[in-house]
Amino acid sequence: MTPPPAAIDVQSLTKLYRRWGKKRSIGTFKSALLSGRPGRALAPDEAIPALTDVSFTVAPGETVGIVGPNGSGKSTLLKVLAGILRPTAGSVSVRGRLAALLELGAGFHPEISGRENIEINGLLLGLSRKEIARRFDEIVRFAELEEFLDAPVKTYSSGMAVRLGFSIAAHSDPDVLLVDEVLAVGDEAFSRRSLEKFAEFERAGKTLLFVSHDLGLIAERCHRAIWLDGGRVAADAPAGEAVTLYRESVAAREAARRAQPRSAPAAGRPRRVGSGAATLAAVRLLDSAGRETVRLRSGEAARLVMEVEAPEPLDDFVFGFAISTVAGATVFGSNTAIDGFVPSGLEAPSTVALDIPSLELAPGVYSVDAAIHARDGSPYDYRRDVLRFEVAAEHPTAGVWSPDRRWSFSEGIRWKT
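Now for a look at the structure at hand. Computed from a predicted model, the values in this text were never measured in an experiment.

### So, the overall build of the protein chain
Step number 1: Scanning the protein chain from terminus to terminus reveals eight helices and 18 strands.
Step number 2: Within the protein chain, the fraction of its 417 residues that count as buried is 40%.
Step number 3: The long-range share in the protein chain, meaning contacts at least 24 apart out of those at least 6 apart in sequence, stands at 73%.
Step number 4: For the protein chain, the exposed area adds up to about 23,300 Å²; of that, 53% sits on carbon and sulfur atoms.

Below is the structure:
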């Protein structure tokens, strides 16, 4: 049996933008005419690639996420697919009715009412006037804009504009829906309704392609994910696998960045304080195999290691670690005094290790503080935010603790298998 043609087919897509620099001496068409040198105003200094040799296909009914850092070409890709931008090279094909929600307020006329914008955008998306009239009440109800329907769109908040744009696109009965990060502007209730709408589209065999920085959402809701890095496809794989590869790349880059010496201290509290009677030469995080890492899985064994030095022998010392969220909330902290160790002597460069058999943290990024201090708390070497690491898990968890857990139910409750 011949498979159906792809809903989206992208082959060797390249998109270049022009960069203009100081060589341009004429800034407007009028000034170009008055100068008598109109040709010089249009000479670009160089072309900047936003997308380079991007190829992929999306089958009808497939839900695909696009991930990558800012500037990686995600939004440019959606604009090319939507026909807003023309490719510099390569080809793009989209089969069926297309609806796109790409930018906040895109396609709206700010001076006219929401009611009029619904009619205009519906026509642009290929609906007839009868179809718009038939779906009008449902569009307004989904967007929750009944009270503001006749107000100019320029008076809408960002969330209201997003709700209206998404509602129009969702109710245009598209075969292919493109959605950019703008859904993040909506509130919790709207996000839930949007996800329910996505589920309806999937059941109806619609094709979805959306950009999001919510990696958990991508891993949970998408069949596949495409990771763009520097305008190129770095990975095209099952969503969970692509998200994992992207996260590992981000963690590795962040570790390399933090390893670079800082030219100036960060604002706020000093990152390192102490008398220097003892010093931290290095602080590392090791995984269950004893390898240095910046990424762990929730529940995995971990070892925090500090290498310590003392210029002169010491008999008063305490070693400690603390783990916090990057927002500053303490998750865990302990030291050798709390855990009952009484110091006797520190005379040579030494290694101190704290083993955590099961690091049961929720997915997220965490910060480590390390310290050597006297028993009265006087710091010898206290280093805040000395390293960061990421915890990954199969499923999201509220809070910061993600313990091993099991559910049980009485006989009157059944679950689908």
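From this point on, the discussion continues.
### Digging into the pattern of salt bridges
Step number 1: Tallying each qualifying case throughout the model produces 16 salt bridges.
Step number 2: Here Arg115 ties to Asp150 by a salt bridge, and the two come within 2.8 Å at their closest N and O atoms. Of the two residues, Arg115 sits in helix H3 (residues 114-124) while Asp150 sits in the loop between helix H4 (129-143) and helix H5 (158-170), which places them 35 residues apart along the sequence.
Step number 3: Its relative accessible area of 55% is what places Asp150 among the exposed residues.
Step number 4: Linked by salt bridges that have partners in common, Glu62, Arg224 and Asp236 make up one network.

### Brief notes about the packing of H4 against H5
Step number 1: Viewed as axis vectors pointing N to C, H4 and H5 meet at an angle of 145°, and their least axial separation amounts to 8 Å. In this structure, H4 crosses over H5, and the sense of that crossing is right-handed. For the pair H4 and H5, contact is made by Glu138, Ile139, Phe142 and Ala143 and by Arg163, Leu164, Phe166, Ser167 and Ile168, respectively.
Step number 2: When grouped by side-chain class, the residues that make up the contact of H4 with H5 number six nonpolar, one polar and two charged.

### Topic: the sheet that holds strand S11 (residues 279-286)
Step number 1: Here three strands make up an open sheet; going across it, the order is S11-S13-S16 and the pairing antiparallel. The outermost strands of the open sheet, each flanked by one partner alone, are S11 and strand S16 (350-356). On average, each strand axis in the sheet is tilted by 15° relative to the strand beside it, whichever way the strands run.
Step number 2: Note: S11 against strand S13 (residues 302-309), seven bridges, orientation antiparallel. Bridge assignment links Leu286 to a residue of S13, and that residue is Arg303.

### Here we look at the environment of Thr336
Step number 1: Tracing the chain through its elements places Thr336 in the loop between strand S15 (330-335) and S16.
Step number 2: Apart from the residues lying within four places of it in its own chain, the contact partners of Thr336 are Val318, Phe319 and Phe341.

### What about the sheet that holds strand S3 (residues 63-67)?
Step number 1: The strand order across the open sheet formed by six strands is S5-S6-S7-S3-S8-S9, and the pairing between neighbours is mixed. In this open sheet, the two edge strands, each paired with only one partner strand, are strand S5 (98-101) and strand S9 (232-238). Strand-to-strand, the axes of this sheet are offset by a mean angle of 15°, without reference to chain direction.
Step number 2: Bridge count for S3 against strand S8 (residues 224-229) is four bridges, and the pairing is parallel. Its bridge partner lying in S8, Ile66 is registered against Ile226.
Step number 3: In the packing of helix H2 (residues 74-81) onto the sheet, contacts are made with S3, S5, strand S6 (176-179), strand S7 (207-211) and S8, and the angle to S7 comes to roughly 145°.

### Re the side chain of Ser167
Step number 1: Relative to the elements of secondary structure, Ser167 occurs in helix H5.
Step number 2: Of the polar contacts made by the side chain of Ser167, one reaches the backbone oxygen of Ile139; its length is 2.7 Å.
Step number 3: Not counting the four nearest positions on each side in its chain, Ser167 is found in contact with Glu138, Ile139, Phe142 and Ala143.

### Re the nonpolar core
Step number 1: Ile118, Leu164, Phe166, Ile168, Leu177 and Ile218 are the most contacted members of the largest nonpolar core, which totals 43 residues.
Step number 2: When residues of this core are assigned to their parent elements, the largest contribution, seven residues, is made by H5.
Step number 3: Residue contacts for Leu164: discarding those within four places in its chain leaves Phe108, Gly114, Ile118, Ala143, Leu145 and Tyr156.

### Remarks on H5
Step number 1: In a regular helix each residue adds 1.5 Å, so 13 residues correspond to 18 Å; H5 covers 18 Å between its end C-alpha atoms and thus fits that length.
Step number 2: Across the 13 residues of H5, twelve count as buried, placing the element largely inside the fold.
Step number 3: Of the positions making up H5, those classed as buried are Gly159, Met160, Ala161, Val162, Arg163, Leu164, Gly165, Phe166, Ser167, Ile168, Ala169 and Ala170.

### Remarks on the environment of Val162
Step number 1: Along the chain, the position of Val162 falls in helix H5.
Step number 2: A residue is classified by how much of its surface remains accessible, and Val162, at 3% relative accessible area, is buried.
Step number 3: Put simply, Val162 and Leu102 are 60 residues apart on the chain and 9.9 Å apart in space, counted from C-alpha to C-alpha.

Cut-offs applied
Per chain, the residues get numbers from 1 upward, laid out in the order the sequence is written. Note on the predicted model: pLDDT of at least 70 is required for a residue's local features to be given, and 80 or more for side-chain atom pairs to be given and counted; whole-chain, interface and lining totals, by contrast, use all residues. Note that water and hydrogens are dropped before the side-chain values are worked out from all heavy atoms of the structure. The way it works is that DSSP assigns letters per residue, a run of H or I at least four long becomes a helix, a run of E at least two long becomes a strand, and they are numbered from the N terminus. A simple rule labels every residue: compare its accessible area, found with a 1.4 Å probe on the protein chains alone, to the largest value its type can have, and call it buried under 20%, exposed over 50%, or partly exposed in between. What makes two residues a contact is simply this: any of their non-hydrogen atoms within 4.5 Å. For the accessible areas, the method is Shrake-Rupley and the probe is 1.4 Å, while residue cover comes only from the protein chains on display. Salt bridge, as used here, is a side-chain nitrogen of Lys or Arg placed within 4 Å of a carboxyl oxygen of Asp or Glu. Note on definitions: angles span 0 to 180 degrees between N-to-C directions of axes, and those axes are lines fitted to C-alpha atoms, for helices only across the stretch in contact. The hand of a helix crossing depends on one turn: near helix anticlockwise from the far one by less than a right angle means left-handed, and clockwise means right-handed. In the scheme used here, Gly and all other residues not listed as nonpolar or charged are polar, with Ala, Val, Leu, Ile, Met, Phe, Trp, Tyr, Cys and Pro taken as nonpolar and Asp, Glu, Lys and Arg as charged. Pairs of strands are assigned from DSSP output, requiring at least two bridges between the strands. Whenever two N or O atoms come within 3.5 Å, that pair is a polar contact, provided that in protein one can donate a hydrogen and the other can accept it, and provided that, for residues adjacent in sequence, both atoms are side-chain atoms. The definition of a nonpolar core used throughout is a set of buried Ala, Val, Leu, Ile, Met, Phe, Trp, Tyr and Cys residues joined through side-chain atoms within 4.5 Å. Helix span, expected: 1.5 Å multiplied by one less than the number of residues in the helix.

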